[in-house]
Amino acid sequence: VQLQASGGGLVQAGDSLRLSCAATGRTFSSNAMAWFRQGPGKEREFVAVVDWTRNRILYADSVKGRFTISRDSAKNTVYLQMNNLKPWDTAVYSCAAGRPIASTIMTVQGYTLWGQGTQVTVSS
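Residues numbered from 1 in each chain as written. Predicted model: local features only at pLDDT ≥ 70, side-chain atom pairs only at ≥ 80, totals over all residues. Heavy atoms only, no water.

Participant: Tell me about the nonpolar core, and name the residues and values.
Facilitator: Counting residues in each nonpolar core, the largest one holds 36 residues, and the members touching the most others are Trp35, Leu80, Met82 and Tyr93. Secondary-structure elements contributing two or more residues to this core are strand 1 (2-6), strand 3 (17-24), strand 4 (32-38), strand 5 (45-51), strand 7 (67-72), strand 8 (77-82), strand 9 (91-98) and strand 11 (118-123). (Core = buried A, V, L, I, M, F, W, Y, C linked by side-chain atoms within 4.5 Å. Buried < 20%, exposed > 50% of the residue type's maximum accessible area, 1.4 Å probe, protein only. Helix = DSSP H or I, 4+ residues; strand = E, 2+ residues; numbered from the N terminus.)

So, in structure tokens, the structure goes:
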């Protein structure tokens, strides 16, 4: 199984972008897919997750009200709709899949499958 992320780009503050992460391959046994990001000189941080077996969606406080994560189960694809982008949203966004438990669902340790990153740059 591979994760293929797309949709990044260069936008201005206040603009929107939608990222996509498609899982391809023979089997896909994960129960959650998440987005993380890593800004310049920063550690990778959690952005959002959708856990379809527990029917949970979680967001980092910094993106609540601006970002929306959704899943198309038929396409094994997760989307991240990002609205009202801010310059500090600039980062490489990576998608991940796995079977995290409650204590790891917002951490990189909860995920075993990672896609390549897609760059999001927000100019002021």
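Participant: Lay out the environment of Gly7 in plain terms, naming residues and giving numbers.
Facilitator: Mapped onto the secondary structure, Gly7 falls in the loop between strand 1 and strand 2 (9-12). Note: C-alpha distance between Gly7 and Tyr93 (86 residues apart in sequence) is 9.8 Å. Beyond its immediate stretch of four places on either side in the chain, Gly7 contacts Leu17, Arg18, Leu19 and Thr118. (Contact = heavy atoms within 4.5 Å.)

Participant: Break down the pattern of salt bridges for me, with residues and values.
Facilitator: Any two side chains of opposite charge can pair, on the condition that their charged atoms come close. Applying the stated criterion across every chain yields a total of five salt bridges. In this structure, the salt-bridge partner of Asp89 is Arg37, at a minimum N-O distance of 2.9 Å. Residue Asp89 is located in the loop between strand 8 and strand 9, and its partner Arg37 is located in strand 4; the two are separated by 52 residues in the primary sequence. The buried category is assigned to Asp89, whose relative accessible area is 0%. A residue is classified by how much of its surface remains accessible, and Arg37, at 4% relative accessible area, is buried. In this structure, the salt-bridge partner of Asp61 is Lys64, at a minimum N-O distance of 3.1 Å. (Salt bridge = Lys/Arg side-chain N within 4 Å of Asp/Glu carboxyl O.)

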